[in-house]
Amino acid sequence: MSTETVPHTAMTLVDHLPAIQVLLPFVMAPLVVVVGSRRLAWPLTFLASAAAFVVSILLLMQVIDGSIISYHMGGWAPPLGIEYRVDAANAFVLLLVTAMSTLVLLFARRSVEDEVSAKHHALFYTAFLLCLSGLLGVAITGDAFNIFVFLEISSLATYVLIAQGSERDKRALTASYDYLMMGTIGATFFVIGIGFLYMATGTLNLADIAGRIEDLGDNRTVRAGFAFIVVGIGLKVAMFPLHSWLPNAYTYAPSMVTAFLAATATKVAVYVLLRFVFSVFDPDFLFGTNTLAFIILPLAVVAMFSASFVAIFQSDLKRMLAYSSIAQIGYILLGIAFLSETGVTAAIVHLFNHGITKAALFMAVGAYVFSAKGTFYDTLQGMGRQMPLTSAAVVVGGLSLIGVPGTAGFISKWVLVEAALEKGWWPVALLIVLSSLLAVIYVWRVLEVLYMQPASESSTVREAPMSMVIPIWIGALACIYFGLDTDVTLTAARTAAQGLLAGSTGLH
């Protein structure tokens, strides 16, 4: 595996892509505030996101063969300086985050105009850009404390974004406050864990921490650091039973915020968990192995079933999809807990496939909010005929959630079943299939409401504007495309898994 070191004195723009990836939205955020124009807020935000998307593609192209880019901020070499480090794992995450932010912003223009007061648009898009830059920073940095800083940037911006839903429903303020409390607890646990690692190793650079942990052997301080980090990130991931903040946050946030967070925020947190479990602590770290086998794996299976059961009995489409997200996170964590190349590949590819699926579905929910003025099932009766394009996209997204062949969701669940069978854990493979059948029930309930129940005679609902329908269908078609053509997703995921399973050696 080759490593390309990029000093700050590099002359070409391409050499500075790791820094540009984070700087684009971060610099644009204050510019949107300074300009202060409601009309310019969206174009400037979209421009920054689209440019970041192009950068993420260029970065993935450079590392998809297993190479690593090491960028030294300010010319200070690690471990003294801060390093931005790009490999297949985080390049794939960067691609997901920027692709989903750009897609959701296409949808957002009309949605935000409908759900957020015009006087708050500049601040709303500023918070969105800060959230985006925080997520990108978390994924790309090679410094443990920097991960904490970027996590807090994204989290603080997220609290503001969720609270913007209070113009429609005051419960958004409570949801934002609950998330703030839980997020702060998670961040505190995480930074305490980082403190323990610094106490044991005397460094904050991830690669350097990994190298020094190897020499420490079975160290209580290191084990304490690992435990605190797993709990802290578990809150950010919404790992069962640390998920209580998620249903209300997704339900009451503005539609585009929910679509963006569901597609990206928990996925970036999963990446952080992957990075620490495999690259920093090494797959052979016994305490970590036991944690995955005896804690994470059972909790993942419980999440797959319990959250799906709760989703079945929901009467609000948005809330149902929120609980579905908790179940899908269970699948991702299950793949990580397998501690095998196929399992980690399944986790990474499901991270991507679930991201595009939930983005399409939550954008469709936003279209219902725009046109039907609600997301409760009794409001959505007969929408399959009144909003045919939006409802058809919901069908595609629902099939992907279930894991029907020909959709993106099928690919990741198939690889996950393969991983279970590789280890000889056929009961776990059976549980994966059974939990997918629960998804059939809650998706069928939605289709029944949309297509088999009559709309109100007084209903005059029309299809959402094409500026909203087109992004929804881009997401829906992506669910089909990545279910049929798996070259990019599986290649990137497998390369990422190989790099992560190389353990700390993959960081050097």
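Under an unreviewed UniProt entry, the name given to the protein chain is Monovalent cation/H+ antiporter subunit D family protein, and the organism recorded is Sedimentitalea arenosa. As stated in UniProt under Sequence similarities (unreviewed entry), the record for the protein chain gives "Belongs to the CPA3 antiporters (TC 2.A.63) subunit D family."

### Section: the overall build of the protein chain
Counting its regular elements, the protein chain contains 19 helices and 3 strands. Whereas a compact globule of 508 residues would reach a radius of gyration of roughly 23 Å, the protein chain reaches 22 Å, a difference of no more than 12%. Taking the principal axes of the C-alpha coordinates as reference, the protein chain spans close to 75 × 60 × 40 Å. Looking at the 508 residues of the protein chain, the share that counts as buried comes to 62%. Put simply, 81% of the contacts in the protein chain that link residues at least 6 apart link residues at least 24 apart. When the accessible surface of the protein chain is totalled, it reaches about 18100 Å², and 68% of it is carbon and sulfur.

### Quick word on a nonpolar patch on the surface
Residues Leu-421, Trp-426, Leu-430, Val-433, Leu-434, Leu-437 and Val-440 make up a contiguous nonpolar surface patch of roughly 660 Å² in combined accessible area. The dominant element in the nonpolar patch, judged by the number of residues it contributes, is helix 17 (residues 426-452), at 6 residues. Within the secondary structure, Val-440 sits in helix 17. For Val-440, a relative accessible area of 34% puts it in the partly exposed group.

### Some details on the pattern of salt bridges
Using the criterion set out here, one finds 7 salt bridges in the structure. Between Arg-85 and Glu-83 there is a salt bridge, with the nearest N and O atoms lying 2.4 Å from each other.

### A look at helix 6 (residues 171-201)
Under the 1.5 Å per step criterion, the end-to-end length of helix 6 is 45 Å for 31 residues, consistent within 8% with the ideal 45 Å. If you follow the buried residues of helix 6, they end up packed against helix 5 (144-163), helix 7 (206-216), helix 8 (220-237), helix 9 (246-252) and helix 10 (255-280). Phi turns positive one or two residues past the end of helix 6, at Gly-202, with a value near 75°.

### Digging into the pairing of strand 2 (residues 68-72)
Most of strand 2 sits inside the fold, with 5 of its 5 residues counted as buried. Here strand 2 shows two buried faces, one formed by Ile-68, Ser-70 and His-72 and the other by Ile-69 and Tyr-71. Two strands pair when backbone bridges link them, and strand 2 and strand 3 (residues 83-86) are joined in this way by 4 bridges, in the antiparallel orientation. Its bridge partner being in strand 3, Ile-69 is matched across the sheet by Val-86.

### Structural notes on the side chain of Glu-115
When you line up the elements, Glu-115 lands in helix 3 (residues 88-115). Overall, Glu-115 belongs to the buried group, its relative accessible area being 7%. One polar contact links Glu-115 to Ser-255, side chain to side chain, over a distance of 2.7 Å.

### Side note on the environment of Pro-18
Looking at where Pro-18 falls in the secondary structure, it is placed in helix 1 (residues 17-35). Accessibility expressed as a relative area gives 1% for Pro-18, which makes it buried. Separated by 53 residues in sequence, Pro-18 and Tyr-71 place their C-alpha atoms 6.8 Å apart. Excluding residues that lie within four positions of it along the chain, Pro-18 makes contacts with Leu-59, Ile-69, Tyr-71, Tyr-84, Val-86 and Ile-140.

### Here we look at the nonpolar core
Formed by 189 residues in total, the largest nonpolar core has its most connected members in Phe-190, Met-256, Phe-276, Leu-334 and Ile-336. Considering each element in turn, this core owes the most residues, 19 residues, to helix 10. Sequence-distant contacts of Met-256, defined by excluding residues within four places in its chain, comprise Val-104, Leu-105, Phe-107, Ala-108, Ser-111, Val-112, Phe-124 and Phe-128.

### Details of the side chain of Asn-146
Along the polypeptide, Asn-146 turns up in helix 5. What makes Asn-146 buried here is its relative accessible area of 12%.

### Notes on unusual backbone geometry
Here the bond from Phe-240 into Pro-241 is cis, since omega is 5°, no more than 30 degrees from zero. Topologically, Pro-241 is positioned in the loop between helix 8 and helix 9. We note that Ala-238 has phi near 70°; this positive angle belongs to a residue other than glycine. Tracing the chain through its elements places Ala-238 in the loop between helix 8 and helix 9. The class of Ala-238 is buried, set by a relative accessible area of 0%.

The rules we used
- Residues numbered from 1 in each chain as written.
- Predicted model: local features only at pLDDT ≥ 70, side-chain atom pairs only at ≥ 80, totals over all residues.
- Heavy atoms only, no water.
- UniProt positions renumbered as here; feature names shortened; annotations may be inferred.
- Helix = DSSP H or I, 4+ residues; strand = E, 2+ residues; numbered from the N terminus.
- Rg over C-alpha atoms; globule rule 2.2 N^0.38 Å.
- Buried < 20%, exposed > 50% of the residue type's maximum accessible area, 1.4 Å probe, protein only.
- Contact = heavy atoms within 4.5 Å.
- Areas by Shrake-Rupley, 256 points an atom, 1.4 Å probe, with all protein chains shown as cover.
- Patch = residues over 30% accessible without salt bridge, like charges linked within 9 Å, V, L, I, M, F, W, Y side chains within 5 Å.
- Salt bridge = Lys/Arg side-chain N within 4 Å of Asp/Glu carboxyl O.
- Expected span 1.5 Å × (residues − 1).
- Pairing = 2+ DSSP bridges.
- Polar contact = N/O pair within 3.5 Å; in protein donor to acceptor, adjacent residues only side chain to side chain.
- Core = buried A, V, L, I, M, F, W, Y, C linked by side-chain atoms within 4.5 Å.

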